[in-house]
Amino acid sequence: MLNAPDTAPAQGPRHVAIIMDGNGRWAQARGRPRLFGHHAGARRVREVVEACPGLGVKYLTVFAFSTENWKRTQAEVAGLMSLFRRYIVKETRTLKENGIRVRFIGDRVRLDSKLTALMDTLEEETKDNDLVHLTVALNYGGRDEVARATKRLARDVAEGRLRAEDVDEETLPKYLDTHVLPDPDLVIRTSGEARISNFLLWQSAYAEYEFIDTLWPDFTAAELERLCHSYGSRDRRFGAVPA
Ligand code: FPP
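Below, the structure is looked at part by part. (Residues numbered from 1 in each chain as written. Predicted model: local features only at pLDDT ≥ 70, side-chain atom pairs only at ≥ 80, totals over all residues. Heavy atoms only, no water.)

### Thoughts on the overall build of the chain
A count of helices and strands for the chain gives 6 helices and 6 strands. When the helices and strands of the chain are placed in sequence order, the string is β-α-α-β-α-β-α-β-α-β-β-α. What you see for the chain is a C-alpha radius of gyration of 18 Å, in line with the 18 Å of a compact globule of 243 residues. Dimensions of the chain along its principal axes, counting C-alpha atoms only, are 55 × 50 × 35 Å. Of the accessible surface of the chain, which amounts to about 12,500 Å², a share of 50% is contributed by carbon and sulfur atoms. (Helix = DSSP H or I, 4+ residues; strand = E, 2+ residues; numbered from the N terminus. Rg over C-alpha atoms; globule rule 2.2 N^0.38 Å. Areas by Shrake-Rupley, 256 points an atom, 1.4 Å probe, with all protein chains shown as cover.)

### Some details on the site of the ligand
By nearness alone, 17 residues border the ligand, and Asp 21, Gly 24, Arg 25, Arg 34 and Arg 72 come closest of all. Gly 22 places a polar main-chain atom, nitrogen or oxygen, 3.3 Å from an oxygen atom of the ligand. A distance of 2.7 Å separates an oxygen atom of the ligand from a polar backbone atom of Arg 25. Taken atom by atom, the bulk of the ligand overlaps the largest pocket. Elements supplying a minimum of two residues to the shell around the ligand: helix 1 (23–28), helix 2 (34–55) and helix 3 (74–97). Considering each element in turn, the shell around the ligand owes the most residues, 4 residues, to helix 2. A class-by-class count of the residues in the shell around the ligand yields 7 nonpolar, 6 polar and 4 charged. (Near = heavy atom within 4 Å. Polar contact = N/O pair within 3.5 Å; in protein donor to acceptor, adjacent residues only side chain to side chain. 1 Å grid on protein atoms, 1.4 Å probe; cavity = no way out; pocket = protein on both sides within 12 Å on 5 of 7 lines; lining within 4 Å. Sits in = over half its atoms within 2 Å of the grid points. Nonpolar A, V, L, I, M, F, W, Y, C, P; charged D, E, K, R; others polar.)

### Topic: the nonpolar core
As a rule of thumb, soluble globular proteins bury nonpolar side chains together. Core analysis: the largest hydrophobic core is formed by 44 residues, its most contacted members being Ile 18, Leu 60, Phe 84, Leu 134, Ile 188 and Leu 224. The residues touching Ile 188, leaving out its near neighbours within four places in the chain, are Val 16, Ala 17, Ile 18, Ile 19, Glu 210, Ile 212, Phe 219, Leu 224 and Leu 227. (Core = buried A, V, L, I, M, F, W, Y, C linked by side-chain atoms within 4.5 Å. Buried < 20%, exposed > 50% of the residue type's maximum accessible area, 1.4 Å probe, protein only. Contact = heavy atoms within 4.5 Å.)

### Let's talk about the pairing of strand 3 (residues 100–105)
Most of strand 3 sits inside the fold, with 5 of its 6 residues counted as buried. Two elements, strand 3 and strand 4 (residues 132–140), share 6 bridges in a ladder whose sense is parallel. The partner of Arg 103 across the bridge, within strand 4, is Thr 135. (Pairing = 2+ DSSP bridges.)

### Brief notes about the pattern of salt bridges
Scanning the model with the defined rule gives 26 salt bridges in all. Two residues, Arg 72 and Glu 76, come together in a salt bridge whose shortest N-O distance is 2.8 Å. Assessed through its relative accessible area of 7%, Glu 76 is described here as buried. Two residues, Arg 85 and Asp 112, come together in a salt bridge whose shortest N-O distance is 3.1 Å. On the criterion of sequence distance, the pair formed by Arg 85 in helix 3 and Asp 112 in the loop between strand 3 and helix 4 (113–125) is long-range, its members being 27 residues apart. Residue class for Arg 85 comes out partly exposed when judged on its relative accessible area of 23%. One salt-bridge network, in which partners are shared between bridges, spans Asp 21, Arg 25, Arg 189, Glu 193 and Arg 195. (Salt bridge = Lys/Arg side-chain N within 4 Å of Asp/Glu carboxyl O.)

### Some remarks on the sheet that holds strand 3
Taken in spatial order, the 6 strands of this open sheet run 3-4-2-1-5-6, and their pairing is parallel. Each edge of the open sheet carries a strand with a single partner, namely strand 3 and strand 6 (208–211). Taking each pair of neighbouring strands and ignoring which way they run, the sheet shows an average axis angle of 20°. Here strand 2 (residues 59–66) pairs with strand 4 via 7 bridges, running parallel. Bridging from a neighbouring strand, Tyr 59 pairs with His 133 of strand 4. Helix-sheet contacts for helix 4 involve strand 3 and strand 4, and the interaxial angle to strand 3 is about 145°. (Axes fitted to C-alpha atoms, helices over the stretch in contact; angles between N-to-C directions.)

### Some words on the layout of surface pockets
When its volume is computed, the largest pocket comes out at roughly 750 Å³. Lining the largest pocket are 37 residues; nearest its centre among them are Met 20, Asn 23, Phe 63, Ala 64 and Phe 65. Elements that contribute at least two residues to the lining of the largest pocket include exactly helix 1, helix 2, strand 2, helix 3, strand 3 and strand 4. Among the elements that make up the lining of the largest pocket, the one with the highest residue count is helix 3 (6 residues). Its residues assigned to classes, the lining of the largest pocket comprises 21 nonpolar, 8 polar and 8 charged. Its boundaries defined by the atoms lining it, the second largest pocket holds a volume of some 340 Å³. If you go around the second largest pocket, you meet 18 residues; those closest to its centre are Glu 169, Pro 173, Asp 183, Trp 202 and Gln 203. Residue classes in the lining of the second largest pocket are distributed as 9 nonpolar, 3 polar and 6 charged. (Points joined across faces, edges and corners; volume = space filled by probe spheres on them.)

See the structure below:
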């Protein structure tokens with residue numbers, strides 16, 4: 001059962017995006033292989049999704065695999081891909097029954113067809129849900145996303161569906177993978193690194209950031225609640241002068 005909406009801050013973030021970092025270090029600190037940390041990290045995703053309704057978070061976007069993560073060892077990449085497949089198979093029913101709508105962003109071309117078929121099914125199975133919109137970034141890179149969007153936009157111009165002079169900052173996001181999502185209000189990165197690592201570059205232009213020391217497998221719903229409340233006390237001016 002998902003949390004009742006009773007701990008939601010009055011001005012909390014509607015869209016939270018998370019760079020889930022620190023799985024490897026968490027595992028290494030326990031003398032275990034890196035994949036052990038990724039499995040522990042995957043379990044945290046469920047806890048965080050379940051906390052969202054109670055905190056008034058309608059959109060949650062998590063960075064699961066970046067376009068740069070292919071540079072890891074073949075064993076780690078294969079282990080992560082297998083984890084994603086198993087996670088989808090295992091969680092589909094719960095996600096569907098708990099009102100979670102799942103979407104994937106990123107370039108699917110390099111992903112294996114067994115995984116993309118599972119991703120398609122999960123998106124289809126949960127498409128009528130609206131309690132929480134969970135977006136999983138898989139083979140995702142912000143620059144890659146903007147490049148792919150620009151390619152599609154250029155094709156529309158070349159083929160006469162769009163006029164170059166009509167392209168403005170409202171136009172480009174319609175071509176991004178996230179075109180149906182609002183921009184993130186709060187971006188959290190765990191594990192003490194203060195970088196955005198190519199995550200939601202366009203979309204996070206006005207987001208608030210939280211860089212916290214907790215390693216992702218240690219992240220809890222209570223920590224998310226604390227960060228949502230802290231966000232609620234910030235003054236977001238979007239470049240304007242306070243009234
Ligand atoms: C970064 O930690 C984490 C990843 C590259 C993988 C993230 C994947 C998960 C949390 C698991 C599954 C997610 C879903 C949605 C099923 P790192 O390996 O870079 O850690 P390190 O910086 O300590 O080495």
